[in-house]
Number of protein chains: 2
Amino acid sequence: MAEKAPLEFYFDFSSPYGYFAAAKIDDLAAGGDRGVIWRPILLGVVFQTTGAVPLTHMAEPKASYFKHDWERLGRQMDVPFKLPSRFPIPTQAAARAFYWLDDKNPELARLFAKAAFHAFFAEDIDISNPETVADIAAGLHVKKEELLAAIADPKIKQRLKDENEAAIEKGVFGSPFIFVDGEGFWGCDRMWMVKKWMKGIGW
Amino acid sequence: MAEKAPLEFYFDFSSPYGYFAAAKIDDLAAGGDRGVIWRPILLGVVFQTTGAVPLTHMAEPKASYFKHDWERLGRQMDVPFKLPSRFPIPTQAAARAFYWLDDKNPELARLFAKAAFHAFFAEDIDISNPETVADIAAGLHVKKEELLAAIADPKIKQRLKDENEAAIEKGVFGSPFIFVDGEGFWGCDRMWMVKKWMKGIGW
């Protein structure tokens, strides 16, 4: 029997709903005997396609609704959440670091992604700064200077651009966006649909 | 012990996600020993507050995503769904008929709402027409001429305007919108949160 294809998990490191999905995606996939390919993207670039704006920039009462929703979602999902003092933030440094690590060791990259999300959304640490990103990676025994050199490398910058373009071509327009066998689901509140889809329900 | 407050369920008769929520809201509430107050609104009016547009008017790939999502959601939820030939439609006639019936008999109004939703989203019957709305009500033994006179009455027109304004003041900005003890949840994919909230999880 052919192995089942992994889920593809697209997210921006500055996306609260991406953070909540990240806390559950591996367990969700494991329940369907699948792995997960993590793919950070830049929502700022993706939003250019549809003209979307960050949730906290939306007209009231929407902006306030989302802020409130993240707080209660954190409590209901048992995932620590505190709206960061600076939000949203540019996430190029974190995303580039991820892809550099991912090419060496996908498991290490995933640990880094979870640590970066936790730093930003649970500890209010601004992860837009390359130094901060390197410190987080250093906690996973990655050499800080190597990582700083890597994320300044034009090759890794191009890599992130390519990943963004590939995501947009695949139909990604928000975060999180999860694909199972090519079928895309938008939002952390659609994980129940992904679960059903993995079982063939709704095909 | 005081009785538990009913859920308040806001929806537009032209909202697919409102339709899906309508199919499950009574069972959801019953699971928490609660009833449901149904409240049709006009999204066209509500959207003026936030500048929102109907989902099928959004930039691609969003519009196509939503159309596809409704089809598969119908299959996953076991709720018949076919994108109506004309969509979205004005729903004043259906909403006015609802409030006129609701003042006489809330249970009858709820049956009417379910029948109107079914006609539009399962049978592709355009329910923007007062005659069609009256035919649906006639199926529930409501006198057609009485209903047609009622929904042309300035009093019931004002009633719908008042309900819309009250919804906007309460913070409603989309459909469905569900309140449990004053806490608002947007979207048919948030019913699991409503369920937890009824149990006190996340307060």
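Just so we're clear, the structure is a prediction, and the values are computed from it rather than from any experiment. Throughout this description, residue numbers start from 1 for each chain and increase along the sequence as written. Chains carry letters and ligands carry numbers; both start at the beginning, A for chains and 1 for ligands, and go up in the order they are written. Per-residue local features of the predicted model are confined to residues with pLDDT of at least 70, and side-chain atom pairs are confined, for both listing and counting, to 80 or more; whole-chain, interface and lining totals are unaffected and use all residues. Only hydrogens and water are set aside when side-chain values are computed; all heavy atoms of the structure are taken into account.

A. Structural context of the packing of aromatic side chains. For Phe, Tyr and Trp, rings pair up if their centres lie within 6.5 Å, where Trp contributes its six-membered ring, and each pair is then called stacked (planes under 30 degrees apart), edge-to-face (over 60) or tilted (otherwise). Using the criterion set out here, one finds 64 aromatic pairs over all chains in the structure. Ring geometry for Phe13(B) and Phe112(B): centres 6.3 Å apart, planes at 70 degrees, overall edge-to-face. In this pair, Phe13(B) sits in the loop between β1 (7-11) and α1 (16-31) while Phe112(B) sits in helix α5 (residues 106-121), placing the two residues 99 residues apart along the sequence. Grouping residues by exposure puts Phe13(B) and Phe112(B) together as buried. Lying over the aromatic face of Phe179(A), Lys170(A) brings its terminal NZ or CZ to 4.7 Å of the ring centre. In DSSP terms, a helix is any run of H or I states spanning at least four residues, a strand is any run of E spanning at least two, and both are numbered starting from the N terminus. Here the term buried applies to any residue with accessible area under 20% of the maximum for its type, exposed to any over 50%, and partly exposed to those in between, with areas from a 1.4 Å probe on protein chains only. To sit over a ring, a charge needs its Lys NZ or Arg CZ within 6 Å of the ring centre and within 35 degrees of the ring normal.

B. Representation of the sheet that holds strand β2 (residues 36-40) of chain A. All names here are of chain A. What makes two strands pair is DSSP finding at least two bridges between them. Pairing is mixed across the open sheet formed by four strands, whose spatial order is β2-β1-β3-β4. If you trace the sheet from one side to the other, it starts and ends with β2 and β4 (183-186), each paired once. Averaged over neighbouring strand pairs, the angle between their axes works out to 20 degrees when direction is ignored. As judged from the five bridges shared by strand β1 (residues 7-11) and β2, these two strands associate in the parallel manner. Bridging across to β2, glutamate 8 finds its partner in isoleucine 37. To obtain each axis, a line is fitted to C-alpha atoms, and for helices this fit is confined to the stretch in contact; angles are then taken between N-to-C directions over 0 to 180 degrees.

C. Representation of helix α7 (residues 144-151) of chain B within the structure. All names here are of chain B. Those residues of α7 that sit buried are Leu147, Leu148, Ala150 and Ile151. Looking straight down α7, one finds that the buried residues subtend no more than 160 degrees of arc, so they occupy a single side. Along α7, exposed side chains directed more than 90 degrees from the buried face belong to Glu145 and Ala149. Two residues qualify as a contact provided that any one of their heavy atoms is within 4.5 Å of a heavy atom in the partner residue. On its buried side, α7 packs onto α4 (92-104), α6 (130-138) and α8 (154-170). Working note: the arc is built from the helix axis to C-beta atom directions.

D. Broad picture of the relation of the copies chain A and chain B. Least-squares fitting of chain A to chain B yields an RMSD of 0.0 Å, with the transformation described by 0.0 Å of translation along the axis and a rotation of 180 degrees. These values place the two chain copies in the arrangement generated by a two-fold rotation axis. For chain A, the smallest separation between a C-alpha atom and the rotation axis is recorded for Asp189(A), amounting to 3.0 Å. An overlap of 100% is found between the interface residues of chain A and their copies at the interface of chain B, pointing to a shared contact surface. The copies were overlaid by least squares, fitting only the C-alpha atoms of residues that reach a pLDDT of 70 or more in each copy.

E. Spotlight on the interface of chain A and chain B. With 33 residues of chain A at the interface, the matching set in chain B holds 33 residues. What gets called buried area is simply the loss in accessible area from a 1.4 Å probe that two parts show on being joined, summed for both. For the pair chain A and chain B, the two sides together bury roughly 2,900 Å², of which 57% comes from carbon and sulfur. Among the residues of chain A in contact with chain B, Lys62(A), Tyr65(A) and Gln76(A) are the three that bury the most area, contributing 23% of the side total. Each reported salt bridge corresponds to a side-chain nitrogen of Lys or Arg within 4 Å of a carboxyl oxygen of Asp or Glu. Between chain A and chain B we count six salt bridges in total. Across the pair Glu183(A) and Arg72(B) runs a salt bridge whose closest N-O atoms are separated by 2.8 Å. We define a polar contact as two N or O atoms separated by no more than 3.5 Å, with the added condition that, inside protein, one atom must be a possible hydrogen donor and the other a possible acceptor, whereas residues neighbouring each other in sequence contribute only through side-chain atom pairs. Along the contact surface separating chain A from chain B lie 19 residue pairs in polar contact (both at pLDDT 80 or more).

F. Structural context of the pairing of strand β2 (residues 36-40) of chain B. Of all five residues in β2(B), four are buried; the element is thus mostly enclosed. Seen with its strands pointing away from the viewer, a crossover is right-handed if its path from the first strand over the helix to the second goes clockwise. The β-α-β motif built from β1(B), the intervening α1(B) and the parallel element β2(B) has right-handed crossover chirality.

G. Region of interest: the pairing of β4(A). Residues and elements named next belong to chain A. Pairing analysis gives four bridges linking strand β3 (residues 177-180) to β4, with the strands arranged antiparallel. The residue bridging valine 180 from the neighbouring strand is glutamate 183, located in β4. Hairpin connection, β3 to β4: the antiparallel pair is bridged by two residues, and aspartate 181 has positive phi, about 50 degrees.

H. Up close: helix α5 (residues 106-121) of chain A. All names here are of chain A. In a helix, the anticipated span is given by 1.5 Å times the number of residues less one. Helix length check: α5 (16 residues) gives 22 Å between terminal C-alpha atoms against 22 Å at 1.5 Å per residue, within 8%. Those residues of α5 that sit buried are Leu108, Ala109, Phe112, Ala113, Ala116, Phe117, Ala119, Phe120 and Phe121. Where α5 is buried, its residues contact β1, α1 (16-31), β2, α4 (92-104) and α6 (130-138). Between the side-chain oxygen at the start of α5 and the backbone nitrogen of glutamate 107 there is a gap of 3.1 Å, and the oxygen is on asparagine 105.

I. A look at unusual backbone geometry. Between Ser175(A) and Pro176(A) the backbone carries a cis peptide bond, its omega angle lying at 0 degrees. Take Pro176(A): it is sitting in the loop between α8 (154-170) and β3. Of note, the bond from Glu60(B) into Pro61(B) is cis; its omega dihedral lies within 30 degrees of zero at 10 degrees. Within the element layout of this structure, Pro61(B) appears in the loop between α2 (43-50) and α3 (62-77). A positive phi angle is found at Asp33(B), which is not glycine, with a value near 55 degrees. Phi angles above zero are rare outside glycine, and Asp78(B) is one such case at about 60 degrees.

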